[in-house]
Amino acid sequence: MYPYWYPYSEVNPGFFGVSPYEAFPVVVGDVLPQSFGLGRRWIVQEGGWRGVWTRRGNSNVFDGRWSMAGQTDITAVLTMYTFGHNVLIVRRNSSDGNNCTYTGTFGAGGRTASGQNVCNRGGGAWSAVIERRDQPQPPQPQDRLGRRWNEQEGGWNGVWTRRGNSNVFDARWTQPGHRDVTAVLTIYLQGNNVRIERRNSSDGNNCDYRGTLSSDGRTASGQFTCDQGGGGWRATILR
């Protein structure tokens, strides 16, 4: 993710004693995840990258997305641990394969945070503005997404489970005789039209779904195309 290399020996280990990114800090077991001070969303700067980290409910787990002009967006899952004014952030499942560990401190009033990160490729400084209130969401599309979609495509049965009140779903597909497939789905509605982005697929086969909702909003169906293959899909929406 970063165009520069930050040798581990030059990184200030800080209060967590972080060494290489893959070595989980030995004191983390004594640092409990804290709900206080984590806010709802973090707007992050890392070099030329801008990140948006969105919290899952009241947990210490965030979904991160980074963007930079001319580059493919990067997604990852972040787990945050706090101890007083200090914060440790473990970044895993990075779509670019570049997992990281962040250490830092909160600013005055807990409205900002900053520090250093170390990745399996590179590292450097990061800073964040912490939003503590839920941001307004488009009411109609979000309210019509339901809690779970039971979906079929070919011989596969999918269960898509919504993350809180977001438009992000965690999906799992099963078929007898095959290994389960998991992915992260982002669902967009415009009127009765639905568009679904399937990313981070465990089988490496990312897809795009398009379709329509029924008049009562209880079912949806359409076509999908993938890196490999495609076909028809249909789903029952549980509220």
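Fair warning: this is a prediction, and the values are worked out from it, not measured in the lab. The numbers attached to residues start from 1 for each chain and follow its sequence in the written order. Given that this is a predicted model, residues contribute local features only at a pLDDT of at least 70 and side-chain atom pairs are listed and counted only at 80 or more, while totals for whole chains, interfaces and linings are drawn from all residues. Just so you know, side-chain values use all the structure's heavy atoms and leave hydrogens and water out.

Undergrad: Is there a simple way to think about the overall build of the protein chain in this case?
TA: Numbered from the N terminus, helices here are DSSP runs of H or I no shorter than four residues, and strands are runs of E no shorter than two. Along the protein chain, the regular secondary structure elements total 1 helix and 16 strands. Whether two residues touch is decided by their heavy atoms; if any such pair falls within 4.5 Å, the residues are in contact. Taking the contacts inside the protein chain whose residues are at least 6 apart along the sequence as the reference set, 33% of them involve residues at least 24 apart. Carbon and sulfur atoms provide 49% of the accessible area of the protein chain, an area that totals close to 12,600 Å². All accessibility values rest on the Shrake-Rupley procedure with a 1.4 Å probe; residue burial counts only the protein chains present in the view.

Undergrad: What is the right way to read the nonpolar core from this model?
TA: Generally speaking, nonpolar side chains in soluble globular proteins are found buried as a group. For the purposes of this section, nonpolar cores are sets of buried Ala, Val, Leu, Ile, Met, Phe, Trp, Tyr and Cys residues that join through side-chain atoms within 4.5 Å. With a 1.4 Å probe rolled over the protein chains alone, any residue whose accessible area is under 20% of its type maximum counts as buried; one over 50% counts as exposed, and the rest are partly exposed. In this structure, Trp149, Trp160, Trp173, Ile187, Ile196, Tyr209 and Trp233 are the most contacted members of the largest nonpolar core, which totals 22 residues. Mapped onto this core, the elements with two or more residues apiece are β11 (168-174), β12 (181-190), β13 (193-199), β14 (207-213), β15 (219-226) and β16 (230-238). Per element, the largest residue contribution to this core is 5 residues, and it comes from β12. With 21 residues, the next largest nonpolar core counts Trp66, Ile74, Ala76 and Cys100 among its residues.

Undergrad: How do you make sense of the pattern of salt bridges when you look at a structure like this?
TA: One side chain can pair with another of opposite charge once the charged atoms of both are near each other. Take a side-chain nitrogen of Lys or Arg and a carboxyl oxygen of Asp or Glu: if they are within 4 Å of each other, that pair is a salt bridge. Applying the stated criterion to the full structure yields 11 salt bridges. For Glu153, the salt bridge identified is with Arg198, shortest N-O distance 3.9 Å. Residue Glu153 is found in strand β9 (residues 148-153), and its partner Arg198 is found in strand β13; the two are separated by 45 residues along the sequence. Note on accessibility: Glu153 and Arg198 belong to one class, buried. For Asp170, the salt bridge goes to Arg163, with nearest N and O atoms at 2.7 Å. Residue Asp170 is classed as partly exposed on the basis of its relative accessible area of 31%. The exposure class of Arg163 is buried, given its relative accessible area of 11%. Here the salt bridges do not stand alone but share partners, grouping Arg56, Asp63, Arg163 and Asp170 into one network.

Undergrad: How should the state of the cysteines be read in this particular structure?
TA: Cysteine pairs can be covalently joined through their sulfur atoms, and such a bond is termed a disulfide. The disulfide criterion used throughout: a pair of cysteine sulfur atoms within 2.5 Å. Tallied over the full model, the rule gives 2 disulfides. Here Cys207 pairs with Cys226 through a disulfide, and the sulfurs are 2.1 Å apart. Torsion about the S-S bond of the Cys207 and Cys226 cystine: about 100°, corresponding to right-handed handedness. Taken together, the positions of Cys207 in strand β14 and Cys226 in strand β15 put the pair 19 residues apart, joining distant regions of the chain. The same class applies to Cys207 as to Cys226, namely buried. Numbered in order of appearance, the disulfide-bonded cysteines of the protein chain are paired 1-2, 3-4.

Undergrad: How do you make sense of the sheet that holds β14 when you look at a structure like this?
TA: Two modes of strand pairing occur in sheets, parallel and antiparallel, and in both the strands are linked by backbone hydrogen bonds. Reading around the barrel, the 8 strands line up as β9-β10-β11-β12-β13-β14-β15-β16 and close back on themselves, with antiparallel pairing between neighbours. Between one strand axis and the next, the sheet turns through 30° on average, direction left out of account. In this sheet, strand β10 (residues 156-162) lies alongside β9 in antiparallel orientation, the contact comprising 6 bridges. Bridging across to β10, Arg148 finds its partner in Thr161. A pair of strands is treated as paired once DSSP finds two or more bridges between them. Under this scheme, a helix contributes an axis fitted over its contacting stretch, all axes are lines through C-alpha atoms, and angles between N-to-C directions fall in the 0 to 180 degree range.

Undergrad: Looking at this structure, how should I read the sheet that holds strand β3 (residues 61-67)?
TA: Strand order in the closed barrel made by the 8 strands is β1-β2-β3-β4-β5-β6-β7-β8, with antiparallel pairing throughout. With strand direction ignored, the average angle separating the axes of adjacent strands in the sheet is 30°. Note: strand β4 (residues 74-83) against strand β5 (residues 86-92), 7 bridges, orientation antiparallel. When the sheet's bridge partners are listed, Tyr81 is paired in β5 with Leu88.

Undergrad: Where do I start with the packing of aromatic side chains in this structure?
TA: To describe a pair of aromatic rings, you give the distance between the ring centres and the angle between the ring planes. The rule is short: rings of Phe, Tyr and Trp, with Trp giving its six-membered ring, pair when the centres are within 6.5 Å, and they are stacked under 30 degrees, edge-to-face over 60, tilted in between. Overall, the coordinates contain 15 aromatic pairs when judged by the stated rule. Lying over the aromatic face of Trp66, Arg91 brings its terminal NZ or CZ to 4.4 Å of the ring centre. Throughout this description, the term charge over a ring refers to an Arg CZ or Lys NZ atom that lies within 6 Å of the ring centre and within 35 degrees of the ring normal. Across the ring face of Trp173, the terminal group of Arg198 is positioned such that the distance to the ring centre comes to 4.3 Å.

Undergrad: Any chance you could explain the environment of Asn58 here in plain terms?
TA: Relative to the assigned elements, Asn58 resides in the loop between β2 (49-55) and β3. C-alpha of Asn58 to C-alpha of Leu38: the two residues are 20 residues apart in sequence and 8.9 Å apart in space.

Undergrad: Explanation requested: unusual backbone geometry in the structure shown.
TA: With the exception of glycine, the majority of residues adopt a negative phi angle, and the majority of peptide bonds are in the trans configuration. A positive phi is found at Asn93, a non-glycine position, where the angle reads about 55°. In this structure, Asn93 sits in the loop between β5 and β6 (100-106). Among the residues examined, Asn93 registers a relative accessible area of 58% and is labelled exposed. Positive phi, close to 55°, is recorded for Asn200, a residue that is not glycine. With respect to the element layout, Asn200 can be found in the loop between β13 and β14.

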